[in-house]
Structure formats: structure tokens, C-alpha cells
Amino acid sequence: MQPEYQIKTEAELEARLGTPMEFVRAKIQTRIDDAMRQFVERSPLVLVSTMDSDGLLDVSPKGDPAGFIQITSEGDLLIPERPGNRLAMGFRNILANGRIGLLFVVPNQRETLRVKGIATLHTDPDLLEGMTVNGKPALMYTRVKVSACFVHCGKAMIRSKLWQPDSWGDNKVSLGARAFAALGGELTSERVQETERRLDQSYKDALY
């Protein structure tokens, strides 16, 4: 790394990227408005960012049928939790400091919704029952008090061609299976196939 090329100040950053126009600054709000509500209601996937007590960040995907995240009358967001790997890194981070960032994705939409706020963890049985999918209520839920939110432009989605299937390629071997298989020793095609089979079975048996 060559230190003379490192950006160290906001002035250097703005000299490189420019400064936002006033209408861009103005789009940042403190409450979910009607357009943002539609993002939440149509989103089957949200990326959740949290921070641990050492200041290290973690990002975890949360997904369910579109509309799985509820919006309270106060404008808070309720995110249900389903069975997972039980590491609970994000939840431990929330217990440590509560800071949270969300990125909502909607299929075939170029724009995304960004939310920042303070999170708490809850087990209200009536609300958990209302978050039932496939006959299984949520295990718990995260309540997010929104402090800032705005719709993010679609340039990243356009550049990535995320919603263009002809750009995806035809290699369907699970990258996750390869990663997990490598943990068990020598990486062979047989080990990858067996790992992928076990993953598929787990997804069928323990999704909810």
C-alpha cells in the first residue's frame, strides 16, 4: 500500500467524488414515508448491518415472503427471526450497542431503501404468532426505531446487472457448498456434491 494515495480527510474525499446536490441531501428523512413503505412491503430480502463492542461490523441477510417486515403505527420496523446457524452475531451486537443499518432489495427494482436506527430484541407472543409462515411463528423479532432513511439510486444494480439472468452465467455449483466442503479437508468434487446435498436437505427440513 502506498500511503501517498490514501484518502485521509473529507476534503480529499469530496475532491475525488464531488459533493451531493441539495435535493440529494434533502431526500434523507427520519420517518418511513409512503414510497418507502412500498419498498418494505414489496421486499423479500433485507441486509442487516450491526456493530460489535469492538466497533467491528457484521452484515446478515434476512429473507421471507415479501411484506414479512411489519411497520408499526409509530413507524418502527419489526423484523422476524427464523431458524439459522445460531451464531447470533448480529443479535449479540444489538445487545451490545443497538446500532443497526438496513438495505432493502426488491426484485426487478433498480433502487434500494437504506435505513439507519436503533434496534432492540423482543418476544411478544401475539406478534410472533402474527409472523407465522408455513405454520411456524417467528422465534423472536428485532424492533428498529428509524433515525434516518432514504431511497438509494439504482446505479449499483444497473452496473451489476443483478436482475439480468443472461449475465448470471451457467455454473450452478453452489459456492457455499464449496466453501463448507473446504473446511472438512481436501476439496474434491465428491465432497462438494455431498456438502451440497446436505445443504439442500437442511434447507428443505429446517427452513422454518
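A quick note: this is a predicted structure, and the numbers were derived from the prediction, not measured. In every chain, residue numbers begin from 1 and rise along the written sequence. For this predicted model, a pLDDT threshold of at least 70 governs which residues receive local features, and a threshold of 80 or more governs which side-chain atom pairs are given and counted, while totals over whole chains, interfaces and linings are taken from all residues. Here the side-chain values reflect all heavy atoms present in the structure, with hydrogen atoms and water set aside.

Draft legend 1. Up close: the side chain of threonine 112. Here threonine 112 is to be found in strand S6 (residues 112–122). Judged by its relative accessible area of 7%, threonine 112 falls in the buried class. With near-sequence residues (within four places) excluded, threonine 112 lies in contact with Phe39, Leu103, Phe104, Val105, Phe150, Val151, His152 and Met157. Note on conventions: DSSP H or I runs of at least 4 residues are helices, E runs of at least 2 residues are strands, and numbering of each starts at the N terminus. The cut-offs for exposure are 20% and 50% of the maximum accessible area for each residue type, with area from a 1.4 Å probe on protein chains only; residues under the lower value are buried, those over the upper are exposed, and the others partly exposed. Throughout, a residue-residue contact means that at least one pair of heavy atoms, one from each residue, lies within 4.5 Å.

Draft legend 2. Examining unusual backbone geometry more closely. A positive phi angle is found at asparagine 108, which is not glycine, with a value near 65 degrees. Looking at where asparagine 108 falls in the secondary structure, it is placed in the loop between strand S5 (99–105) and S6. Positive phi outside glycine occurs at asparagine 134, with the angle close to 55 degrees. Tracing the backbone through its elements, the reader meets asparagine 134 in the loop between helix H5 (125–130) and strand S7 (140–152). Of the residues examined, asparagine 134 reaches a relative accessible area of 64% and is grouped as exposed.

Draft legend 3. The arrangement of the layout of surface pockets in detail. Definitions used throughout: a 1 Å grid over protein atoms alone; a cavity as a set of points that fits a 1.4 Å probe which cannot get out; a pocket as an open set with protein on both sides within 12 Å along at least five of seven lines; a lining residue as one with an atom within 4 Å of a point. Grid points are joined across faces, edges and corners, and a volume is the space filled by probe spheres set on the points. Of the voids in this model, the largest pocket is the one considered here, and its volume is about 1100 Å³. As for the largest pocket, its lining consists of 34 residues, and the residues nearest its centre are Glu81, Arg82, Pro83, Gly84 and Asn85. Taken together, the elements giving at least two residues each to the lining of the largest pocket come down to strand S2 (57–63), strand S4 (77–81), helix H4 (89–96), S7 and helix H8 (189–205). Taken as a whole, the second largest pocket holds about 320 Å³ of empty space. Considering the residues around the second largest pocket, the lining is formed by Pro20, Phe23, Val24, Arg25, Lys27, Ile28, Arg114, Phe150, His152 and Cys153. Looking at the lining of the second largest pocket, the elements with two or more residues in it are helix H2 (22–26) and S7. The greatest single-element share of the lining of the second largest pocket, amounting to 3 residues, is contributed by H2.

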